[in-house]
Amino acid sequence: DAGVTQSPTHLIKTRGQQVTLRCSPKSGHDTVSWYQQALGQGPQFIFQYYEEEERQRGNFPDRFSGHQFPNYSSELNVNALLLGDSALYLCASSLYRGGGTEAFFGQGTRLTVV
Amino acid sequence: DAKTTQPPSMDCAEGRAANLPCNHSTISGNEYVYWYRQIHSQGPQYIIHGLKNNETNEMASLIITEDRKSSTLILPHATLRDTAVYYCIVRAFRYGQNFVFGPGTRLSVLP
């Protein structure tokens, strides 16, 4: 059973460009959450998708947007990239109605903005 | 969700038990305690979680005090591969509840 898979693993973009990151959740999970982790800090919640809708959002600007597909996979889009967007982007999958259960994280996409 | 407090760093000798403390004095009755760890540049790895009873799995044991205001993660025989940042997270039993990460404890297992 594959766990959470993210692609690509590494990415280098130029300031002002747009980027799309992808995530496939663990089999049986219906919810995907995205996190941003700057160097030396804990992951920060960006947003969560369930039933193809954004259900929760953290304190991130509208440049960050997402999508969830019918097969539960998800994309994170970041427009007008800034140098400060350089970070490890993590995807976590879980069960929306599994309030007492765990979430599983992918290995992340390392984004470098130059 | 209740906030957690963890020591910023700890050392442990290889082969000895590693005991990582976490304070969560404002925890509510419907909030679980979760532990994750993150080895350098990898995604966080789930370790264990519990509500009020002590829990044990193949990786670790979780001891929650009776008043639930603090907990301890125990790695019974630490190895060099257990060197990581350990996050204690309190998360409510609500649909779609996300995880709020603090800075965690950086555990160094020394040979």
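See the structure printed just above.
Here is a short report on the structure shown in this document.

Reading guide: rules and limits
- Residues numbered from 1 in each chain as written.
- Chains lettered and ligands numbered in written order.
- Predicted model: local features only at pLDDT ≥ 70, side-chain atom pairs only at ≥ 80, totals over all residues.
- Heavy atoms only, no water.
- 1 Å grid on protein atoms, 1.4 Å probe; cavity = no way out; pocket = protein on both sides within 12 Å on 5 of 7 lines; lining within 4 Å.
- Points joined across faces, edges and corners; volume = space filled by probe spheres on them.
- Nonpolar A, V, L, I, M, F, W, Y, C, P; charged D, E, K, R; others polar.
- Disulfide = S-S within 2.5 Å.
- Helix = DSSP H or I, 4+ residues; strand = E, 2+ residues; numbered from the N terminus.
- Buried < 20%, exposed > 50% of the residue type's maximum accessible area, 1.4 Å probe, protein only.

## Considerations on the layout of surface pockets
In this approach a probe as big as a water molecule rolls over the atoms, and the regions it shows empty are the leftover space.
Moving on, step 1. A volume near 380 Å³ is recorded for the largest pocket.
Moving on, step 2. In this structure, the largest pocket is lined by 22 residues; those nearest its centre are Gln37(A), Gly40(A), Gln38(B), Val85(B) and Arg106(B).
Moving on, step 3. In the lining of the largest pocket, the residues fall into ten nonpolar, ten polar and two charged.
Moving on, step 4. Estimates place the volume of the second largest pocket at around 200 Å³.
Moving on, step 5. Lining the second largest pocket are 15 residues, and of these Phe105(A), Gln107(A), Gly43(B), Pro44(B) and Gln45(B) sit closest to its centre.

## A short note on the state of the cysteines
Cysteine pairs can be linked by a disulfide, which is a covalent bond between their two sulfur atoms.
Moving on, step 1. For the structure on display, the rule yields two disulfides over all chains.
Moving on, step 2. A sulfur-sulfur distance of 1.7 Å marks the disulfide that ties Cys23(A) to Cys91(A). For the disulfide bridge between Cys23(A) and Cys91(A), the dihedral angle about the S-S bond is near -55°, and by the sign convention the bridge is left-handed. Of the two residues, Cys23(A) is situated in strand S3 (residues 19-24) and Cys91(A) in strand S9 (residues 87-94); the sequence distance between them amounts to 68 residues. For the pair shown, Cys23(A) and Cys91(A) are each scored as buried.
Moving on, step 3. The disulfide partner of Cys22(B) is Cys88(B), and the gap between their sulfur atoms is 2.1 Å. As the torsion about the S-S bond is roughly -80°, the Cys22(B)-Cys88(B) disulfide counts as left-handed. Separated by 66 residues along the polypeptide, Cys22(B) in strand S2 (residues 18-23) and Cys88(B) in strand S8 (residues 84-92) bring together distant segments of the chain. Taken as a pair, Cys22(B) and Cys88(B) share a single burial class, namely buried.
Moving on, step 4. This cysteine, Cys12(B), is not joined by any disulfide, and Cys22(B) carries the nearest cysteine sulfur, 18 Å off.

## Observations concerning unusual backbone geometry
All names here are of chain A.
Moving on, step 1. With omega at -10°, the peptide bond leading from Ser7 into Pro8 counts as cis.
Moving on, step 2. With respect to the helices and strands, Pro8 occurs in the loop between strand S1 (5-7) and strand S2 (10-13).
Moving on, step 3. Within the chain, Glu52 stands out as a residue other than glycine whose phi angle is a positive 65°.
Moving on, step 4. Looking at where Glu52 falls in the secondary structure, it is placed in the loop between strand S5 (44-50) and strand S6 (53-57).
Moving on, step 5. We classify Glu52 as partly exposed; its relative accessible area is 43%.
Moving on, step 6. Non-glycine residue Ala80 carries a positive phi angle of around 45°.
Moving on, step 7. Note on placement: Ala80 falls in the loop between strand S8 (74-78) and S9.

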